[in-house]
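Structure assessment
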Amino acid sequence: MAPRKLPAKRSRKDKAAEGTSAAPEYDSHRFQSAKHQQRFEAIKGWSFHRERCVQLRDDEYTDFQEEIVRRRWASMVTPRRACGNMRSWVRGQWIPFDANALNQFLGYPLVLEEG
């Protein structure tokens, strides 16, 4: 009868990996989910233009104003009111970026003009 073969020794690394769950498919320190990371990868090369506030009189650029109404873009072209809950998810935590948070970070108070 031939001697029995002993099972091959397994390294500690193999044993440790066996007891843990699989690592997430995304960078969990930077993103909330794999979907968010994929979206970031898709748009990271885009360039963006700053918003501008333009006040048009009723008799100016009527064709343009009619097109905005036709496409139902009025909510998109109306400036948003500042809200106190402006924040973004950054490296695993919510970061506020409203006027108060930015002024605190920059070290000076917000001074508004009259009116």
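Not measured: the values here are computed from a predicted model. (Residues numbered from 1 in each chain as written. Predicted model: local features only at pLDDT ≥ 70, side-chain atom pairs only at ≥ 80, totals over all residues. Heavy atoms only, no water.)

Some points on the overall build of the protein
Which entries qualify depends on this criterion: Helix numbers and strand numbers start at the N terminus; a helix is a DSSP run of H or I with at least 4 residues, a strand a run of E with at least 2. Each residue gets one of three labels from its accessible area relative to the maximum for its type: buried under 20%, exposed over 50%, partly exposed in between, using a 1.4 Å probe on protein chains only. Contacts: residue pairs with any heavy atoms within 4.5 Å of one another. In short, Shrake-Rupley with a 1.4 Å probe defines the accessible areas, and a residue's cover is counted only from the protein chains shown.
A count of helical and extended segments in the protein gives five helices and two strands. Helices and strands in the protein line up, N terminus first, as α-α-α-α-β-β-α. Taking all 115 residues of the protein together, the buried fraction comes to 5%. Sequence-distant contacts, at least 24 apart, represent 20% of the contacts inside the protein between residues at least 6 apart. Taken as a whole, the protein presents about 12200 Å² of accessible surface, with 53% of it coming from carbon and sulfur.

Things to note about the pattern of salt bridges
Heads up, the condition is: For salt bridges, the criterion is a side-chain nitrogen of Lys or Arg within 4 Å of an Asp or Glu carboxyl oxygen.
Under the definition given, this model contains five salt bridges. A salt bridge links Glu 41 to Lys 44, with the nearest nitrogen and oxygen atoms 2.9 Å apart. For Glu 41, a relative accessible area of 40% translates into the label partly exposed. Notably, a salt bridge pairs Arg 70 with Glu 67, separated by 2.6 Å at the nearest N-O pair. Of the two residues, Arg 70 and Glu 67 both sit in helix α3 (residues 62-70), three residues apart, roughly one turn of that helix. Here Glu 67 falls in the partly exposed class, since its relative accessible area comes to 28%.

A few points about the environment of Ser 88
With respect to the helices and strands, Ser 88 occurs in strand β1 (residues 87-90). Apart from the residues within four sequence positions on either side, Ser 88 is in contact with Gln 93, Trp 94, Ile 95 and Phe 97.

Details of unusual backbone geometry
For Arg 72, which is not a glycine, the phi torsion comes out positive at approximately 60°. Within the secondary structure layout, Arg 72 lies in the loop between α3 and α4 (74-77). Of note in this structure, Arg 91 is not a glycine but carries a positive phi near 45°. Here Arg 91 lies in the loop between β1 and β2 (93-96).

With respect to a nonpolar patch on the surface
The condition is simple: Within the patch definition used here, like charges are joined within 9 Å and nonpolar side chains (Val, Leu, Ile, Met, Phe, Trp, Tyr) within 5 Å, considering only residues with over 30% relative accessible area and no salt bridge.
Taken together, Phe 97, Leu 102, Phe 105, Leu 106 and Tyr 108 make up a surface patch of nonpolar side chains, about 560 Å² in accessible area. Inspection of the secondary structure assignment puts Phe 97 in the loop between β2 and α5 (99-106). Relative accessible area serves as the criterion here: at 36%, Phe 97 is assigned to the partly exposed category.

Quick look at the packing of aromatic side chains
As a reminder, the rule being used: Any Phe, Tyr or Trp ring, taking Trp's six-membered ring, that has another such ring centre within 6.5 Å forms a pair; planes under 30 degrees apart are called stacked, those over 60 apart edge-to-face, and the others tilted. Working rule: Lys NZ or Arg CZ, within 6 Å of ring centre, within 35 degrees of ring normal, means a charge sits over the ring.
If you walk through the whole model with that rule in mind, you get three aromatic pairs. Summarising the aromatic geometry, the rings of Phe 31 and Phe 40 are spaced 5.5 Å apart at their centres and angled 45° between planes, so their arrangement reads as tilted. Ring plane angle 50° and centroid distance 6.2 Å describe the contact between Trp 46 and Phe 48, whose orientation is recorded as tilted. Cation over ring: Arg 87 sits above Trp 94, and NZ or CZ is 4.2 Å from the ring centre.

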